[in-house]
Amino acid sequence: MQRILDSIQQNLTDAGNETRRLFHGRGHCYEGLEDLVIDWLPPYAVIRLYKAVEAEWLDQLCDAMRQFEVITGLVVQQRARGQDAINRVAWGEVPEQSEVTELGVRYHIKPSRNQNSGLFLDMREGRRWVQQNAEGQRILNLFAYTCGFSVAALSGGAEHVVNVDMSRSAIETGRQNHHLNGFEKERVTFLAYDLFRSWKRIRQLGPYDLIVIDPPSFQKGSFIAEKDYRKVIRRLPELVAENGQVMACHNDPKLGTDFLKSLMLEECPDFRFVERLKNPADFPEAEPEKGLKVLLYAREG
């Protein structure tokens, strides 16, 4: 228990008023706690359990977290495979929708939602890189979800961002995120499209100085990495401007960096690998190849 509380204290201190992961058991750095994560969505915390635990132990953890006065509400989500999902407020009052800040920009989130709250916290360093390198750029954000990369890009001075995602509800949240930060409508395009049926429209809006590819690891009926990632990468030569860049992301523990590097080498030989971005410190990984992979490529002029 003390390992968890120490991690929470450290990450709360580092976070200030911004969102963070407070405890990351999924990285296998805490033996026996691999199925526990805790997120900080100020001023609320969310415990997620991917394996059944003893009720008494969970009650002790919830009670122990009361010591952190900045946390005003605690949600518990139990998502053990083969069991019905449980989602409850352990203590405090937690609204259905709230706002969080990351890197100085704001996002709508749903802290009590039993799947994704609206912002993938492990992608913070990717959004930071985009924010720091977006000045004057035309950007294509594929698998945009709630358009976090777009918000980061516009806050960094991007000229225009095109967001593509097949989920209309996610795209609508993306619109709200841009409105929340006061970005001009003329600087952003939202396409609630099935990517694989929309290349012509996407190509017409290009070429792009930067393309962000951040698909789900696996989503039955929409994206299977081993089959579909290649379909995206082989389109890059007709979409990326001269001297443009690509950020290719993947979060499947079964597929390491070699998976993306091989695809890029085969389909885009004139794109040079630049670097793999480091993941946030609040997402420690015992085996980095099983964690989030964010690879940067540059097109040779």
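Our structure's up above, just so we're on the same page.
Fair warning: this is a prediction, and the values are worked out from it, not measured in the lab. (Residues numbered from 1 in each chain as written. Predicted model: local features only at pLDDT ≥ 70, side-chain atom pairs only at ≥ 80, totals over all residues. Heavy atoms only, no water.)

**Notes on the pairing of strand E16 (residues 293-299)**
So, step 1. Of all the seven residues making up E16, seven are buried; the element is thus mostly covered by neighbouring parts of the structure.
So, step 2. Side-chain alternation along E16 places Lys-293, Leu-295, Tyr-297 and Arg-299 on one buried face and Val-294, Leu-296 and Ala-298 on a second face that is also buried.
So, step 3. Note that strand E14 (residues 240-250) and E16 share six bridges and pair antiparallel. Each bridged residue has a counterpart across the sheet, and for Met-247 the counterpart in E16 is Leu-296. (Buried < 20%, exposed > 50% of the residue type's maximum accessible area, 1.4 Å probe, protein only. Helix = DSSP H or I, 4+ residues; strand = E, 2+ residues; numbered from the N terminus. Pairing = 2+ DSSP bridges.)

**Regarding the packing of aromatic side chains**
What describes a pair of aromatic rings is the distance from one ring centre to the other and the angle between the planes of the rings.
So, step 1. Applying the stated criterion to the full structure yields six aromatic pairs.
So, step 2. Look at Phe-23 and Tyr-30: their rings are 4.5 Å apart centre to centre, the planes differ by 45°, and that puts the pair in the tilted class.
So, step 3. For Phe-23, a relative accessible area of 0% puts it in the buried group.
So, step 4. The ring centre of Phe-196 lies 5.8 Å from the NZ or CZ of Lys-231, which sits over that ring.
So, step 5. The aromatic ring of Phe-273 is capped on one face by Lys-261, whose charged end is 4.3 Å from the ring centroid. (Phe/Tyr/Trp six-rings, centres within 6.5 Å; stacked < 30°, edge-to-face > 60°. Lys NZ or Arg CZ within 6 Å of the ring centre and 35° of its normal.)

**Concerning unusual backbone geometry**
So, step 1. Following Pro-42, the chain continues into Pro-43 via a peptide bond in cis, with omega recorded as 5°.
So, step 2. Relative to the assigned elements, Pro-43 resides in the loop between strand E2 (36-41) and strand E3 (44-49).
So, step 3. Here the residue pair Gly-206 and Pro-207 is connected by a cis peptide bond, since its omega of 0° sits within 30 degrees of zero.
So, step 4. You can see Pro-207 is positioned in the loop between helix H6 (199-204) and strand E11 (208-213).
So, step 5. Phi angles above zero are rare outside glycine, and His-28 is one such case at about 60°.
So, step 6. Examined against the element boundaries, His-28 turns out to sit in the loop between strand E1 (20-24) and E2.
So, step 7. The phi dihedral of Cys-147 falls on the positive side, at around 70°, and the residue is not glycine.
So, step 8. Topologically, Cys-147 is positioned in the loop between strand E8 (138-142) and helix H4 (148-155).
So, step 9. Its relative accessible area of 0% is what places Cys-147 among the buried residues.

**A look at the sheet that holds E1**
So, step 1. An order of E1-E2-E3-E4-E5 is seen for the five strands of this open sheet, with the pairing classed as mixed. Of all strands in the sheet, those with a lone pairing partner are E1 and strand E5 (86-92), marking the two edges. Here the strands of the sheet are splayed against their neighbours by 20° on average, with no regard to which way each runs.
So, step 2. Relative to strand E4 (residues 73-78), E3 is paired through six bridges, and the arrangement is parallel. Bridge pairing links Arg-48 to Gln-77 in E4.
So, step 3. With respect to the sheet, helix H1 (residues 2-15) is in contact with E1 and E2, its orientation differing from that of E1 by roughly 165°. (Axes fitted to C-alpha atoms, helices over the stretch in contact; angles between N-to-C directions. Contact = heavy atoms within 4.5 Å.)

Without other data, these values stay purely geometric and don't point to any function.
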